[in-house]
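Breakdown of the fold
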Amino acid sequence: AWAPHSRNHLLCGADNGCAMVWDISRAQASPAYDEPLDAGLGSNSLDKHTPVLSYECDHEIYQVQWPVSQPDCIALGTASHFQVFEV
């Protein structure tokens, strides 16, 4: 879910129970096809591949929402419950 207040922030949920907010303005361009995948993983590059916020729960996250009416909150849905967080 894209943040309603920012075109650079993306909320993602995963089947491993992690929810992450990414700042895509920090992402670097895709590496060239002939570069190894671990090229350029110095300390400055690591920040570009780290979410600005993360949360881990015990259940697979099926749904994420970042409501326009409450831009300071996010909602995470699993098979059995949902959680709302203030960011």
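Residues numbered from 1 in each chain as written. Predicted model: local features only at pLDDT ≥ 70, side-chain atom pairs only at ≥ 80, totals over all residues. Heavy atoms only, no water.

Remarks on the sheet that holds strand E4 (residues 63-65)
How we decide: Strands are labelled as partners when DSSP assigns at least two bridges between them. Each helix is a run of H or I in the DSSP string that is no shorter than four residues. Each strand is a run of E no shorter than two, and both are numbered from the N terminus. All axes here are fitted lines through C-alpha atoms, helices being fitted over the stretch that makes contact, and every angle between N-to-C directions spans 0 to 180 degrees.
Overall, antiparallel pairing links the 3 strands, which are arranged E4-E5-E6 in an open sheet. A single partner strand is all that each edge strand has here, and the edge strands are E4 and strand E6 (82-86). The mean inter-strand angle of the sheet, taken between neighbouring strand axes irrespective of direction, is 15 degrees. Pairing geometry for strand E5 (residues 73-77) and E6, over 5 bridges, is antiparallel. When the sheet's bridge partners are listed, Cys73 is paired in E6 with Glu86.

A few points about the nonpolar core
Which entries qualify depends on this criterion: Put simply, buried Ala, Val, Leu, Ile, Met, Phe, Trp, Tyr and Cys residues joined by side-chain atoms within 4.5 Å make one nonpolar core. Note on exposure labels: buried denotes an accessible area under 20% of the residue type's maximum, exposed denotes more than 50%, and partly exposed covers the range between, all computed with a 1.4 Å probe on protein chains only. Note on contacts: a residue pair qualifies if any of its non-hydrogen atoms lie within 4.5 Å across the two residues.
Listed in full, the 10 residues of the largest apolar core are Ala3, Leu11, Ala19, Val21, Cys57, Ile61, Val64, Trp66, Ile74 and Leu76. Of all the secondary-structure elements, those providing two or more residues to this core are strand E2 (18-23) and E5. Excluding anything up to four places from it in sequence, Ala3 contacts His9 and Trp66.

Overview of the packing of aromatic side chains
Stated precisely, the cut-off is as follows: Pairing of aromatic side chains here covers Phe, Tyr and the six-membered ring of Trp, requires ring centres within 6.5 Å, and sorts the geometry by plane angle: under 30 degrees stacked, over 60 edge-to-face, intermediate tilted.
Here the structure, examined in full by the defined rule, presents 1 aromatic pair. Ring centres of Tyr55 and Phe85 lie 4.5 Å apart, and the angle between their planes is 50 degrees; this geometry places the pair in the tilted category. Here Phe85 lies in strand E6 and Tyr55 lies in strand E3 (residues 53-56), a separation of 30 residues in the sequence. Tyr55 gets classed as partly exposed once you look at its relative accessible area, which sits at 29%. Since its relative accessible area comes to 23%, Phe85 is described here as partly exposed.

Considerations on the environment of Pro51
Structurally, Pro51 can be placed in the loop between helix H1 (43-48) and E3. Between the alpha carbons of Pro51 and Trp22 there is a distance of 4.7 Å; along the sequence they are 29 residues apart. Residues contacting Pro51, with those up to four places away along its chain left out, are Met20, Val21, Trp22 and Arg26.

Quick look at the sheet that holds strand E1 (residues 9-13)
In spatial order, the strands read E1-E2-E3; together these 3 strands make up an open sheet with antiparallel pairing. Pairing within the sheet leaves two strands with one partner each, and these edge strands are E1 and E3. Each strand axis lies, on average, 10 degrees off the axis of its neighbour in the sheet, ignoring direction. For E2 and E3, the ladder comprises 4 bridges, and the chain directions are antiparallel. Pairing of Met20 across the sheet is with Ser54, part of E3.

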